[in-house]
Amino acid sequence: MKIISESKSFGGWVKRCEHDSKSLNCKMIFAIYLPPAVEEKPVPVLYWLSGLTCTDENFMQKANAQRVAAQLGIAIVCPDTSPRGTDLPGEHDSYDFGSGAGFYLNATESPWAQHYNMYDYIVEELPELIAANFPVIDKASISGHSMGGHGALTIALKNPGKYQSVSAFSPICNPTNCAWGEKVFTNYLGSDRTTWAQYDASLLIEQGTEKLPMLVDQGEADEFLKEQLKPESLQAACEKTNYPLTLRMHEGYDHSYFFIASFIEDHLHYHDKALKGEDKQAYY
């Protein structure tokens, strides 16, 4: 691993790092914000998963999260959204599949299975790399936006006990039942739809062994709300199983980082309480 750039921010540092990924069989770049508190002691980590077309830079540059993270003493890790530099056939042909669209799953179909293992990268490889190279403790939370919101919810549901808390902005809640999900699942996982359920938060809710409370924020003016995101599916699944979900609908807000920047402080405080071991049921 090598640091390719670093910038001071609110007393801490934003660093971009490059490494060879075993999970993805390519070079990868991630960003990390280290708050000033790391000068005195190791800190907990929030993993942020970004959405379609994004890289490691979008959240760090647009979300305005560093000020509050510095105050709370939380490191933020932002991975890229897919393997890079692999140049597979059709990989760069559309914004919603291939490069920038890894969907935080492990592909099983050729040629994608050789590189598109973002699930293993996020759950196993990247946390090991962070722990080995930065002053962090063994407490982590996870969040994300859109495709990354889907990733955050599904990864938390599939790994009980690994994360202290989970939240999402505008997540793809029911990808087995929307155009984005059907396209990528068919290509990455194959035509057998029974294999898709392992990456659908609305379906995983019913199989969950841990009821880790979820905070989900959704803009009512989001252009993708009805056709792609389907928060009503997640809400229905949570109501059916008595799963603790806080779904906040916001009038006038869209799918952009203007929305994320408006409410990221709420999410950071939410995760801070969990990382400090406070009552998960009492957040909202």
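Residues numbered from 1 in each chain as written. Predicted model: local features only at pLDDT ≥ 70, side-chain atom pairs only at ≥ 80, totals over all residues. Heavy atoms only, no water.

## Quick notes on the overall build of the protein chain
Along its length, the protein chain carries nine helices and nine strands. For 284 residues, the compact-globule estimate of 2.2 N^0.38 gives 19 Å, and the C-alpha radius of gyration of the protein chain, at 18 Å, lies within 12% of that figure. With respect to the principal axes defined by its C-alpha atoms, the protein chain has extents near 50 × 45 × 35 Å. Burial analysis of the protein chain (284 residues in total) assigns 58% to the buried set. Counting only carbon and sulfur atoms, one obtains 46% of the accessible surface of the protein chain, whose full area is about 11600 Å². Within the protein chain, one finds 23 positive and 37 negative side-chain charges whose respective centroids are separated by 4 Å. (Helix = DSSP H or I, 4+ residues; strand = E, 2+ residues; numbered from the N terminus. Rg over C-alpha atoms; globule rule 2.2 N^0.38 Å. Buried < 20%, exposed > 50% of the residue type's maximum accessible area, 1.4 Å probe, protein only. Areas by Shrake-Rupley, 256 points an atom, 1.4 Å probe, with all protein chains shown as cover. Lys, Arg positive; Asp, Glu negative; His and termini not counted. Charge placed at Lys NZ, Arg CZ, Asp CG, Glu CD.)

## Digging into the nonpolar core
Counting residues in hydrophobic clusters, the biggest one holds 65 residues, and the most contacted among them are Phe30, Ile130, Ile142, Ile155 and Tyr188. For this core, the element with the most residues is helix H3 (residues 118-133), which contributes eight residues. Discounting chain neighbours no more than four positions away, the residues touching isoleucine 130 are Phe30, Ile32, Tyr47, Val77 and Val136. By size, the runner-up hydrophobic cluster in this structure holds 24 residues, among which are Phe59, Val68, Ala69 and Leu72. (Core = buried A, V, L, I, M, F, W, Y, C linked by side-chain atoms within 4.5 Å. Contact = heavy atoms within 4.5 Å.)

## Looking at the pattern of salt bridges
Where charged atoms from two side chains of opposite charge approach closely, those side chains can pair. Per the counting criterion, the structure on display carries 13 salt bridges. One salt bridge in this structure joins aspartate 80 and arginine 84, with 2.8 Å as the shortest N-O distance. Residue class for aspartate 80 comes out buried when judged on its relative accessible area of 5%. By sharing partners, the salt bridges in this structure join Arg16, Asp56 and Glu57 into a single network. (Salt bridge = Lys/Arg side-chain N within 4 Å of Asp/Glu carboxyl O.)

## Some details on the packing of aromatic side chains
In total, this model carries 16 aromatic pairs according to the counting rule given. Pairing tryptophan 48 with phenylalanine 169 gives two aromatic rings, centres 6.0 Å apart and planes at 55 degrees, and the pair type is tilted. Of this pair, tryptophan 48 sits in strand E4 (residues 43-49) while phenylalanine 169 sits in strand E7 (residues 166-169), and the two are 121 residues apart along the sequence. Each ring, one from tyrosine 253 and one from phenylalanine 263, has its centre 5.1 Å from the other, and the planes form 70 degrees; the classification is edge-to-face. Here tyrosine 253 is found in the loop between strand E9 (245-250) and helix H9 (257-275), whereas its partner phenylalanine 263 is found in helix H9, with 10 residues between them in sequence. For tyrosine 253, a relative accessible area of 30% puts it in the partly exposed group. Connected via pairs of aromatic rings, a cluster forms that spans Trp48, Phe59, Phe169, Tyr253, Phe259 and Phe263. Note that lysine 158 overlies the ring of tyrosine 119, its terminal NZ or CZ placed 5.4 Å from the centroid. Lysine 158 extends its terminal NZ or CZ atom over the ring of tyrosine 199, reaching a point 5.1 Å from the ring centre. (Phe/Tyr/Trp six-rings, centres within 6.5 Å; stacked < 30°, edge-to-face > 60°. Lys NZ or Arg CZ within 6 Å of the ring centre and 35° of its normal.)

## Focus on unusual backbone geometry
Here the bond from serine 110 into proline 111 is cis, since omega is 0 degrees, no more than 30 degrees from zero. Locating proline 111 in the fold gives a position in the loop between strand E5 (75-79) and H3. Positive phi outside glycine occurs at tyrosine 104, with the angle close to 55 degrees. Assignment of secondary structure puts tyrosine 104 in the loop between E5 and H3. By relative accessible area, tyrosine 104 is classed as buried at 0%. Of note, the phi angle at serine 170 is positive, near 45 degrees, even though the residue is not glycine. Following the sequence through the fold, serine 170 ends up in the loop between E7 and helix H5 (179-189). Overall, serine 170 belongs to the buried group, its relative accessible area being 0%.

## Points about the side chain of aspartate 272
Looking at the element boundaries, aspartate 272 is found in helix H9. Look at aspartate 272 and you get buried, because its relative accessible area is 8%.

## Some details on the pairing of strand E1 (residues 2-9)
With seven bridges joining them, E1 and strand E2 (residues 12-21) adopt antiparallel strand pairing. Its bridge partner being in E2, serine 5 is matched across the sheet by arginine 16. (Pairing = 2+ DSSP bridges.)

## Observations regarding H5
Restricting attention to buried positions, one finds in H5 the residues Trp180, Gly181, Val184, Phe185, Tyr188 and Leu189. Down the axis of H5, the buried side of the element spans an arc of 105 degrees, and every buried residue falls inside it. Against helix H7 (225-229) lie the buried residues of H5. Once H5 finishes, glycine 190 follows within two positions and takes phi at roughly 100 degrees, a positive value. (Arc of directions from axis to C-beta.)

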